[in-house]
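Listed here are the chains, written in short residue letters.
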Amino acid sequence: ERARSALRFVSLDTGTIRPGLEKSTYKVRRNECDAFVEALKLSGFKIQCLADIKSDSLRTQVIAKFEASNPEWCARMQYIYDAQKRFYTMLEAWRFGDLETIGDGFRSDGHGLRDLYKISGPELESMCDIVRVVPGVLGERMLGGGDKGAAGAIVRAEAVSSVQTAVAIAYPRCHPNFADKYAVHSCRIVDGVKVFRGLL
């Protein structure tokens, strides 16, 4: 309840044209991940997808075998490994209203998408860079399949107007071709799926 009332999710539309998943870097990354899984199977690793690499010992074995020959594949795997851990940390943070941990996880995932999965784009990162320094922004990252489209930010409710002002000043200067196309939308957070613990 604390997190829901105190936060807003702000969508940061860059004004760019989305190519669709089948024409985006997302498809390239999925193909890379699938190829890595096949290579791992041929090397004797008992996995069906990269998300099956859950332990640090298995992750270390994979990196030891493939880092030298396929560093980019290992980077994709590292992002997925880290993202799974962040997911469960953020779930607990939402349960207990730990706003800082929620924001940190969201921001860290964005850094992973940018640096390890390498699926972001310049306009998306400009939006993230602009809002990151606004007081009250807890976390920001690109959204969707990458390249173009929208970024998003988890923002304290009282900071939404400051985010809107910062984007209005800085984004058109960074990307003048999209000065009349970008948009900022503030969304309230509402209940989704609810777990009634102890009833079954």
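Everything here concerns the structure above.
Residue indices follow the written sequence of each chain, beginning from 1 at its first position. Under the rules for a predicted model, residues below a pLDDT of 70 receive no local features and side-chain atom pairs below 80 are neither given nor counted, while totals for whole chains, interfaces and linings still include all residues. Water and hydrogen atoms were dropped before computing side-chain values, which therefore reflect all heavy atoms in the structure.

Q: Summarise empty space enclosed by the protein; cite the residues concerned and give the values.
A: Definitions used for this entry: grid spacing 1 Å over protein atoms alone; cavity, a set of points where a 1.4 Å probe fits but cannot get out; pocket, an open set with protein on both sides within 12 Å along at least 5 of 7 lines; lining residue, one with an atom within 4 Å of a point. Grid points are joined across faces, edges and corners, and a volume is the space filled by probe spheres set on the points. All chains considered together, the criterion is met by 1 cavity of 30 Å³ or more. Roughly 30 Å³ of internal volume is contained in the largest cavity. Gly 110, His 111, Arg 114, Glu 125, Cys 128, Arg 132, Glu 140 and Arg 141 together form the lining of the largest cavity. Among the elements of the structure, helix H5 (99–115), helix H6 (122–132) and strand S2 (137–142) are those that each provide at least two residues to the lining of the largest cavity. Secondary structure elements follow DSSP: runs of H or I no shorter than four residues count as helices, runs of E no shorter than two count as strands, and numbering proceeds from the N terminus.

Q: Give me the lowdown on helix H4 (residues 71–96), citing residues and values where you can.
A: Its 26 residues place the ends of H4 38 Å apart at the C-alpha level, agreeing with the 38 Å of an ideal helix rising 1.5 Å per residue. With its phi angle positive at about 70°, Gly 97 sits one or two positions after the end of H4. One fewer than the residue count of a helix, multiplied by 1.5 Å, yields its expected span.

Q: Got a sec to walk through the sheet that holds S2? Specific residues and values, please.
A: Remark on secondary structure: sheet strands pair via backbone hydrogen bonds, oriented parallel or antiparallel. What makes two strands pair is DSSP finding at least two bridges between them. One open sheet accounts for 4 strands, arranged S2-S3-S1-S4; its pairing is antiparallel. The outermost strands of the open sheet, each flanked by one partner alone, are S2 and strand S4 (183–188). Taken pair by pair, the neighbouring strands of this sheet meet at an average axis angle of 20°, ignoring direction. By the bridge criterion, 5 bridges tie S2 to strand S3 (residues 150–156) in an arrangement that is antiparallel. In the sheet register, Met 142 faces S3, and the bridge partner there is Ala 151. Whether two residues are in contact is decided by their heavy atoms: any pair within 4.5 Å suffices. Helix axes use the C-alpha atoms of the stretch in contact, all axes being lines fitted to C-alpha atoms, and the angles between their N-to-C directions lie in the range 0 to 180 degrees. On the sheet, H5 packs against strand S1 (7–13), S2 and S3 and is oriented at approximately 25° with respect to S2.

Q: Describe the pattern of salt bridges, listing the residues and the values that go with them.
A: Just to be clear on terms, a salt bridge is a Lys or Arg side-chain nitrogen sitting within 4 Å of an Asp or Glu carboxyl oxygen. Enumeration over the complete set of coordinates arrives at 20 salt bridges. With its nearest N and O atoms 3.4 Å apart, the salt bridge here joins Lys 27 to Glu 22. Of the residues examined, Lys 27 reaches a relative accessible area of 35% and is grouped as partly exposed. One salt bridge connects Arg 59 with Asp 56, and the closest N-O pair in it is separated by 2.8 Å. Only protein chains enter the accessibility calculation, which uses a 1.4 Å probe; a residue is then buried when its area is under 20% of its type maximum, exposed when over 50%, and partly exposed in between.

Q: Go over a nonpolar patch on the surface with me, naming the residues and quoting the values.
A: Surface patches are defined over residues having more than 30% relative accessible area and no salt bridge, joining like charges when they lie within 9 Å and nonpolar side chains (Val, Leu, Ile, Met, Phe, Trp, Tyr) when within 5 Å. The Shrake-Rupley method, run with a 1.4 Å probe, gives the accessible areas here. Residue values count only the displayed protein chains as cover. There is a patch of nonpolar side chains on the surface, built from Phe 87, Tyr 88 and Leu 91 and spanning about 340 Å² of accessible area. As for its placement among the helices and strands, Phe 87 is situated in helix H4.

Q: How would you sum up the packing of aromatic side chains? Please name residues and give values.
A: Stacked, edge-to-face and tilted labels apply to pairs of Phe, Tyr and Trp rings (six-membered ring for Trp) whose centres lie within 6.5 Å, assigned for plane angles under 30 degrees, over 60, and everything in between, in that order. Taken as a whole and assessed by the stated rule, the structure comprises 6 aromatic pairs. A centroid spacing of 5.2 Å and a plane angle of 80° characterise the contact between Phe 36 and Phe 66, whose relative ring orientation is edge-to-face. You can see Phe 36 sitting in helix H2 (residues 25–42) and its partner Phe 66 sitting in helix H3 (residues 56–66), a full 30 residues away along the chain. Accessibility classification places Phe 36 together with Phe 66 in one group, the buried group. Linked through ring pairs, Phe 36, Phe 66 and Trp 73 together constitute an aromatic cluster.

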